[in-house]
Amino acid sequence: TLNTRINSDNGRQLLSGHDVVIDGSDNFETRYLVNDICVALGIPNVHASVFRFEGQLSVFWPAQGGGPCYRCLYAEPPPVEFSPSCSEAGVIGALPGIFGTLQASEALKILLNIGQPLVGRLLHYDALAGRFAEFAIETDRSCEVCQRASGRCG
């Protein structure tokens, strides 16, 4: 278990050398930091987030076939007034377990080189409706993080 809080000073060192990162962080600052480091290092980022009665999951891995990164999907974090914490807004207790299990499945597909990881796809679950939906995610050609990692300039 890692008991060190990731930040811009230690992030590269903490993530370097790993085959996959499973991100279940609960704040936007950490999500963007983990994304940026994973893109720079070419590491797949298995991301999930939950909020109230919904959750989403994707694999951000631009190094694998030019897939999008987290910033391609969400260029900037929402304003603080529109992003209450889980303790303020609440989360149905089963969702973290569901999405942790789905993240483990995605990580295994990557590590074992089997199946089709959710690169370029976002899986959304609405617990109230009991429905999963899948959405295509495009790479944002103006994403500075992806451009820096690929060596392209603006």
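The structure under discussion appears in the preceding block.
Quick look at the structure, then.

Definitions and cut-offs
Residues numbered from 1 in each chain as written. Predicted model: local features only at pLDDT ≥ 70, side-chain atom pairs only at ≥ 80, totals over all residues. Heavy atoms only, no water. Helix = DSSP H or I, 4+ residues; strand = E, 2+ residues; numbered from the N terminus. Rg over C-alpha atoms; globule rule 2.2 N^0.38 Å. Buried < 20%, exposed > 50% of the residue type's maximum accessible area, 1.4 Å probe, protein only. Patch = residues over 30% accessible without salt bridge, like charges linked within 9 Å, V, L, I, M, F, W, Y side chains within 5 Å. Areas by Shrake-Rupley, 256 points an atom, 1.4 Å probe, with all protein chains shown as cover. Salt bridge = Lys/Arg side-chain N within 4 Å of Asp/Glu carboxyl O. Pairing = 2+ DSSP bridges. Axes fitted to C-alpha atoms, helices over the stretch in contact; angles between N-to-C directions. Contact = heavy atoms within 4.5 Å. Expected span 1.5 Å × (residues − 1). Arc of directions from axis to C-beta.

### Details of the overall build of the protein
Link 1 in the chain: Looking only at helices and strands, one finds six helices and five strands in the protein.
Link 2 in the chain: When the helices and strands of the protein are read in sequence order from the N terminus, they spell out α-β-α-β-β-α-α-α-β-β-α.
Link 3 in the chain: What you see for the protein is a C-alpha radius of gyration of 15 Å, in line with the 15 Å of a compact globule of 154 residues.
Link 4 in the chain: Expressed as lengths along the three principal axes of its C-alpha atoms, the size of the protein is roughly 45 × 35 × 35 Å.
Link 5 in the chain: Per-residue burial over the protein gives 38% buried out of 154 residues.

### Regarding a nonpolar patch on the surface
Link 1 in the chain: A contiguous nonpolar surface patch, about 390 Å² in accessible area, is contributed by Leu108, Leu111, Leu112 and Ile114.
Link 2 in the chain: Examined against the element boundaries, Leu108 turns out to sit in helix H5 (residues 94-112).

### Quick notes on the pairing of strand S2 (residues 45-51)
Link 1 in the chain: Taken across its seven residues, S2 has five buried, putting it largely inside the fold.
Link 2 in the chain: When strand S1 (residues 21-23) meets S2, the two strands line up parallel, connected through three bridges. Residue pairing in the sheet places Val21 in a bridge with Asn45 of S2.
Link 3 in the chain: Two strands pair when backbone bridges link them, and S2 and strand S3 (residues 54-60) are joined in this way by seven bridges, in the antiparallel orientation.

### Comments concerning the sheet that holds strand S5 (residues 131-136)
Link 1 in the chain: Spatially, S1-S2-S3-S4-S5 is the arrangement adopted by the five strands of the open sheet, whose pairing is mixed. Lying at the two open borders of the sheet, with one neighbouring strand each, are S1 and S5. In this sheet, neighbouring strand axes are inclined to one another by 15° on average, regardless of whether the strands run parallel or antiparallel.
Link 2 in the chain: Two strands pair when backbone bridges link them, and strand S4 (residues 121-126) and S5 are joined in this way by six bridges, in the antiparallel orientation. Its bridge partner being in S5, Arg121 is matched across the sheet by Ala136.
Link 3 in the chain: Strands S1, S2 and S3 of the sheet are contacted by helix H2 (residues 28-41), whose axis makes an angle of about 165° with S2.
Link 4 in the chain: Relative to the sheet, H5 contacts S1, S2, S3, S4 and S5, its axis offset from that of S2 by approximately 170°.

### Points about the pattern of salt bridges
Link 1 in the chain: A complete count under the given rule lists three salt bridges for this structure.
Link 2 in the chain: A salt bridge links Asp36 to Arg71; its shortest N-O distance comes to 2.7 Å. Here Asp36 is found in helix H2, whereas its partner Arg71 is found in helix H3 (residues 70-73), with 35 residues between them in sequence.
Link 3 in the chain: Of the charged contacts in the structure, one is a salt bridge between Glu134 and Arg121, with a shortest N-O distance of 3.2 Å. Of the two residues, Glu134 is situated in strand S5 and Arg121 in strand S4; the sequence distance between them amounts to 13 residues.
Link 4 in the chain: Assessed through its relative accessible area of 45%, Glu134 is described here as partly exposed.

### Let's talk about H5
Link 1 in the chain: Helix length check: H5 (19 residues) gives 27 Å between terminal C-alpha atoms against 27 Å at 1.5 Å per residue, within 8%.
Link 2 in the chain: Among the residues of H5, Leu95, Phe99, Gln103, Glu106, Ala107, Lys109 and Ile110 are the ones counted as buried. Projection of H5 onto a plane perpendicular to its axis shows the buried side chains occupying an angular sector of 155°, all on one side. Away from the buried face of H5 by more than 90 degrees, exposed residues Thr101 and Leu112 are located.
Link 3 in the chain: Of the surrounding secondary structure, the elements contacted by the buried residues of H5 are S1, S2, S3 and S4.
Link 4 in the chain: Just past H5, the residue Asn113 takes up positive phi, approximately 55°.

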